[in-house]
Amino acid sequence: MRRIVINEHLSLDGVIQGPGGPDEDTSGGFELGGWSANYADEVTRESLFAVLNADYDLLLGRVTFDIWEPYWPKQEGPIAEKFNGIKKYVATKTLSEASWEGTVLLNGDTVEQIKELKASDRPDLHMWGSADFIQTLFQNGLVDQMNVWIYPVVLGKGKRLFAGGTLPSGLKMTKHAVSSTGVVCASFEFNGEVPVGNAADD
């Protein structure tokens, strides 16, 4: 059974919109695009490429796909080679065809289609961006792991990782590192129910 793994650049207040550049995603009047660009160092690069070089297919929402489809086929280098060569599963209610080689459109009952994908014997499914689509996965308990890069910035607006409707869950941290620029690079697995107790009993 394959896992669904979410990969996100995250502000301290939970925003995942437009980390890479000013024009990446300006929907909703977002004007702070590119907020992650000045924090790279050896630690962030190492953790990022460890994820990028894993064995996986991509699972994307429509907005992220619309940004990536015209961009990556024109690029060169290891990331472009990876993304262009693997399967891309896209959740969409309106798209009927795509030009990016290897794209598979999920335009039926998307949740059921994703459950079928998870049950198949193929590599894990990795997601980037896809803020709206992620909420559907959270609401249906379909996410297995999160890799997050938490940046020392507060944005105050923009699409958030947890936007509402997320099922309560405990998490287990499986990996972590802190960069020289203050970025927390962490991996979490979903780990059952939220453990509750009374702090006064300690």
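What counts and how
- Residues numbered from 1 in each chain as written.
- Predicted model: local features only at pLDDT ≥ 70, side-chain atom pairs only at ≥ 80, totals over all residues.
- Heavy atoms only, no water.
- Buried < 20%, exposed > 50% of the residue type's maximum accessible area, 1.4 Å probe, protein only.
- Helix = DSSP H or I, 4+ residues; strand = E, 2+ residues; numbered from the N terminus.
- Pairing = 2+ DSSP bridges.
- Contact = heavy atoms within 4.5 Å.
- Polar contact = N/O pair within 3.5 Å; in protein donor to acceptor, adjacent residues only side chain to side chain.

A.B. asks: Which parts of the structure should I look at to understand the pairing of strand 6 (residues 145-151)?
C.D. replies: Each regular strand carries side chains that alternate between the two faces of the sheet. Buried residues dominate strand 6, accounting for six of its seven residues. Pairing geometry for strand 1 (residues 4-11) and strand 6, over seven bridges, is parallel. Each residue of the ladder has a partner; that of I6, found in strand 6, is M146. As paired elements, strand 6 and strand 8 (residues 184-190) share six bridges and run antiparallel to each other. Residue M146 lies in a different strand from strand 8, and its bridge partner there is F188.

A.B. asks: Mind showing me how you'd approach the environment of N140 here?
C.D. replies: Among the structural elements, N140 can be located in the loop between helix 5 (131-139) and strand 6. Of the residues examined, N140 reaches a relative accessible area of 35% and is grouped as partly exposed. Note: C-alpha distance between N140 and G165 (25 residues apart in sequence) is 9.4 Å. When near neighbours in sequence (up to four residues on either side) are disregarded, N140 contacts V111 and L167. Reaching out from N140, the side chain makes a polar contact with the backbone oxygen of T136 at a distance of 2.8 Å.

A.B. asks: For this particular structure, what's the right way to read helix 5?
C.D. replies: Those residues of helix 5 not exposed but buried are A131, F133, I134, Q135, L137 and F138. Phi turns positive one or two residues past the end of helix 5, at G141, with a value near 60°.

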